[in-house]
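The chain contents come next:
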Amino acid sequence: ARIKAINKEKALALPGVLAVLTADDLKPLNLHWMPTLAGDVQAVLADEKGGFQMQEIAMVIAENRHIAYDAIDMVAVEYEALPAIVNPHKAMDADAPIIREDIADKDEAGQGKRSHNNHIFTWDAGDKNATDAVFENAEVTA
């Protein structure tokens, strides 16, 4: 969903709340996107668009966890519904909605060439030829 507005005023007014942060608060510090181990970047808090269910949009800093828990329920987020992908096998279909608009125009992301706008990285592990040879020469396979 596209994030149209975030209202954190009620949460900030709760006694014991020290801060309510969103991606807009992290941008001036260049902390709203962080590198991942896969060679990509990921939003620390959803920035303009939520890309997956339960993605964090705001963070509450409070005097204790009970106050923080109450305050996060007071953060109001207005969304614009977008087409969703609920089947991972269809995420790279030609007509699939683009999940990461921030890299839609890039030919490479993560660990190499992209074959589709929703293709982030390719993960290869092992030696296919050696594995095939082991199975081919095995006395028993199930």
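These remarks concern the structure in this document. (Residues numbered from 1 in each chain as written. Predicted model: local features only at pLDDT ≥ 70, side-chain atom pairs only at ≥ 80, totals over all residues. Heavy atoms only, no water.)

**Some points on a nonpolar patch on the surface**
Basically, it comes down to this: To count toward a patch, a residue needs a relative accessible area over 30% and no salt bridge; like charges are then connected within 9 Å, while nonpolar side chains (Val, Leu, Ile, Met, Phe, Trp, Tyr) are connected within 5 Å. A 1.4 Å probe and the Shrake-Rupley method give the accessible areas. Residues count as covered only by the protein chains that appear here. When a carboxyl oxygen of Asp or Glu is within 4 Å of a side-chain nitrogen of Lys or Arg, the pair counts as a salt bridge. Numbering of helices and strands runs from the N terminus; a helix is a DSSP stretch of H or I covering at least four residues, while a strand is a stretch of E covering at least two. Each residue gets one of three labels from its accessible area relative to the maximum for its type: buried under 20%, exposed over 50%, partly exposed in between, using a 1.4 Å probe on protein chains only.
Among the surface-exposed residues, Leu-29, Leu-31, Met-34 and Val-44 lie close enough to one another that they form a single nonpolar patch of about 330 Å² accessible area. With respect to the helices and strands, Val-44 occurs in the loop between strand 4 (41–43) and strand 5 (59–62). By relative accessible area, Val-44 is classed as partly exposed at 34%.

**Some thoughts on unusual backbone geometry**
Unlike most non-glycine residues, Glu-48 shows phi in positive territory, near 75°. Tracing the sequence through the fold places Glu-48 in the loop between strand 4 and strand 5. Even without glycine at this site, Met-54 takes up a positive phi of about 70°.

**Points about helix 3 (residues 65–72)**
Heads up, the rule is: Throughout, the arc means that of the directions going from the helix axis to the C-beta atoms. Should any heavy atoms of two residues lie within 4.5 Å, those residues are counted as being in contact.
Residues of helix 3 that are buried: Ile-67, Ala-68 and Ala-71. Down the axis of helix 3, the buried set is contained in an arc of 100°. They therefore lie on one face. Exposed residues lying more than 90 degrees from the buried face of helix 3 are Arg-65, His-66 and Tyr-69. Next to the buried residues of helix 3 lie helix 1 (9–13), strand 2 (17–21) and strand 5.

**Things to note about the nonpolar core**
This is how it is decided: To form a nonpolar core, buried Ala, Val, Leu, Ile, Met, Phe, Trp, Tyr and Cys residues must be joined to one another through side-chain atoms within 4.5 Å.
Ranked by size, the top nonpolar core spans ten residues in total: Ala-11, Val-17, Val-20, Ala-58, Val-60, Ala-62, Ile-67, Ala-68, Ala-71 and Val-75. Elements that contribute at least two residues to this core include exactly strand 2, strand 5 and helix 3. Looking at this core, the element that brings in the most residues is helix 3, giving three residues. Residues contacting Ala-71, with those up to four places away along its chain left out, are Ala-11, Leu-14, Val-17 and Val-60.

**As for the environment of Leu-14**
Of note, Leu-14 is situated in the loop between helix 1 and strand 2. Given the relative accessible area of 21%, Leu-14 is considered partly exposed. Between the C-alpha atoms of Leu-14 and Pro-83, which are 69 residues apart in sequence, the distance is 35 Å. Sequence-distant contacts of Leu-14, that is, excluding residues within four places in its chain, are made with Ile-67, Asp-70, Ala-71 and Met-74.

**Description of the pattern of salt bridges**
Tallied over the full model, the rule gives nine salt bridges. Two residues, Lys-49 and Glu-101, come together in a salt bridge whose shortest N-O distance is 3.3 Å. Taken together, the residues span a long stretch of sequence, with Lys-49 in the loop between strand 4 and strand 5 and Glu-101 in the loop between strand 6 (76–80) and strand 7 (108–109) at a distance of 52 residues. Accessibility expressed as a relative area gives 15% for Lys-49, which makes it buried. The exposure class assigned to Glu-101 is partly exposed, which follows from its relative accessible area of 41%. Salt-bridge contacts for Lys-128 lead to Asp-132; the nearest nitrogen and oxygen are separated by 2.7 Å. Here the residue Lys-128 and the residue Asp-132 both occupy positions in helix 4 (residues 128–137), the gap between them amounting to four residues, near one helical turn.

These figures capture arrangement, not role.
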